[in-house]
Amino acid sequence: MNKGIYQLLTSHRQAGKKSFAVLIDPDKADEAILDRLIEKALACRVDHFFVGGSLVISNRLDSCIQQIKTQCSIPVTLFPGSPSQISSYADALLYLSLISGRNAELLIGQHVISAPFVKKSGLEIIPTGYMVIDGGAPTTVSYISNANPIPADKDDIAMCTAMAGEMLGLKLIYMDAGSGARKPITESMIAQVASQISIPLIIGGGITDPEKAYLNCKAGADVIVVGNAIEKDVSLMAEISSAIHGVSVRLK
Ligand code: 1GP
């Protein structure tokens, strides 16, 4: 039987292992593109597929996940831009609360409306503190969320936000500079947050090269998410994957 996704994340964290998640936007990945991505992901030891987007205009969410599921056993976790982005074909759902913002709808409002539907999905639900960090320019997520991101140089605000999220019972922290961010999250912010939480830390947004992925992991990220850069150049997947998996962490 498959381990739950959360158990996988926590056991990797405890073992000091870093994970690589490739983000797939169903609007951008047609069948042929997805075929290529899956083949490459299998060859590169990708740990997770995250599926979702801020919009998801097409009706391809279910078919996209079904295609992944028929071709490989890499776990699929939903990273939804809205409560409508639920598919029972996935393994798990990042149940996001936008704790960096003060938009009540994204903190709890939409969750209340979608709760019965989400519960019925049968998905593994992973309560996730979602923190949007300023990535140097407005991104889709910062626009859609209608909430101020945390300034890129305010490591202490990020740290306190993540601490509060953990103490409120959230099981993951996902810090995101937004898709295609000009400036990814700094190592100093990652290190400060990582030093104060004991739940897995996911980092994404604007990571375009293996060095950045490596440095993020060294700073304390447990999972690195890359979307845009791989959409543009699928060959990057191999380099980024080996950079992430090459990080060895001394256990405390
Ligand atoms: C966005 O964290 C993800 O929400 C990934 O960002 O597309 O810039 O890699 P990129």
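Refer to the structure above for everything that follows.
Everything numeric here is computed off the predicted structure, so don't read it as measured data. (Residues numbered from 1 in each chain as written. Predicted model: local features only at pLDDT ≥ 70, side-chain atom pairs only at ≥ 80, totals over all residues. Heavy atoms only, no water.)

Draft legend 1. Broad picture of the packing of helix α2 (residues 31-43) against helix α3 (residues 61-71). For the pair α2 and α3, the least separation of the axes is 10 Å and the interaxial angle reads 40°. When the axes of α2 and α3 are compared, the pair comes out oblique. Crossing angle aside, the handedness with which α2 passes α3 is right-handed. Listed contacts from α3 to E31, L34, D35, I38 and L42 of α2 are C64, Q67, I68 and Q71. (Axes fitted to C-alpha atoms, helices over the stretch in contact; angles between N-to-C directions. Helix = DSSP H or I, 4+ residues; strand = E, 2+ residues; numbered from the N terminus. Parallel < 35°, antiparallel > 145°, perpendicular 65-115°, else oblique. Left-handed = near helix turned anticlockwise from the far one by under 90°. Contact = heavy atoms within 4.5 Å.)

Draft legend 2. Geometry of the site of the ligand. Close to the ligand lie 13 residues, the nearest being D176, G180, G206, G227 and N228. G227 is positioned with one of its backbone polar atoms (N or O) 2.8 Å from an oxygen atom of the ligand. Considering the ligand on its own, with 310 Å² of exposed area, one finds that the protein chains cover 96% of that surface. Residue classes in the shell around the ligand are distributed as four nonpolar, eight polar and one charged. (Near = heavy atom within 4 Å. Polar contact = N/O pair within 3.5 Å; in protein donor to acceptor, adjacent residues only side chain to side chain. Areas by Shrake-Rupley, 256 points an atom, 1.4 Å probe, with all protein chains shown as cover. Nonpolar A, V, L, I, M, F, W, Y, C, P; charged D, E, K, R; others polar.)

Draft legend 3. Up close: the nonpolar core. Core analysis: the largest hydrophobic core is formed by 82 residues, its most contacted members being I24, F49, M175 and M237. Apart from the residues within four sequence positions on either side, I24 is in contact with A29, L34, L37, F49, F50, V51, G52, C64 and I68. (Core = buried A, V, L, I, M, F, W, Y, C linked by side-chain atoms within 4.5 Å. Buried < 20%, exposed > 50% of the residue type's maximum accessible area, 1.4 Å probe, protein only.)

Draft legend 4. Spotlight on a negative patch on the surface. Among the surface-exposed residues, D30, E31, D35 and E39 lie close enough to one another that they form a single negatively charged patch. By secondary structure assignment, the location of E31 is in helix α2. With a relative accessible area of 54%, E31 lands in the exposed category. (Patch = residues over 30% accessible without salt bridge, like charges linked within 9 Å, V, L, I, M, F, W, Y side chains within 5 Å. Salt bridge = Lys/Arg side-chain N within 4 Å of Asp/Glu carboxyl O. Lys, Arg positive; Asp, Glu negative; His and termini not counted. Charge placed at Lys NZ, Arg CZ, Asp CG, Glu CD.)

Draft legend 5. Main features of the sheet that holds strand β4 (residues 92-98). Overall, parallel pairing links the eight strands, which are arranged β1-β2-β3-β4-β5-β6-β7-β8 in a closed barrel. This sheet shows a mean twist of 30° between the axes of neighbouring strands, independent of strand direction. Sheet topology note: the β4/strand β5 (residues 124-132) ladder contains seven bridges and is parallel. Residue L96 lies in a different strand from β5, and its bridge partner there is T128. (Pairing = 2+ DSSP bridges.)

Draft legend 6. The arrangement of the pairing of strand β2 (residues 48-51) in detail. Across the two faces of β2 the burial is the same, with H48 and F50 and F49 and V51 all buried. Judged from the four bridges that link them, strand β1 (residues 19-24) and β2 form a sheet pairing that is parallel. Residue V22 lies in a different strand from β2, and its bridge partner there is F49. Viewed along the sheet, the connection from β1 through α2 into β2 turns out right-handed. (Right-handed = clockwise from strand over helix to strand, strands pointing away.)

Draft legend 7. Main features of the environment of F50. Secondary-structure assignment places F50 in strand β2. The sequence separation of F50 and T140 amounts to 90 residues, and the corresponding C-alpha distance is 17 Å. Setting aside anything within four residues of it in sequence, one finds F50 in contact with A21, V22, L23, I24, T77, F79, L94, Y174, I202 and V225.

Draft legend 8. Examining the pairing of strand β6 (residues 172-176) more closely. Burial within β6 is extensive, with five of its five residues counted as buried. Burial along β6 is two-sided: the residues L172, Y174 and D176 and I173 and M175 are all buried. Pairing of β5 with β6 involves five bridges; the strand directions are parallel. In the strand pairing of β6, G129 is matched with I173. The parallel pair β6 and strand β7 (residues 201-204), bridged by helix α7 (residues 187-194), forms a crossover whose chirality is right-handed.

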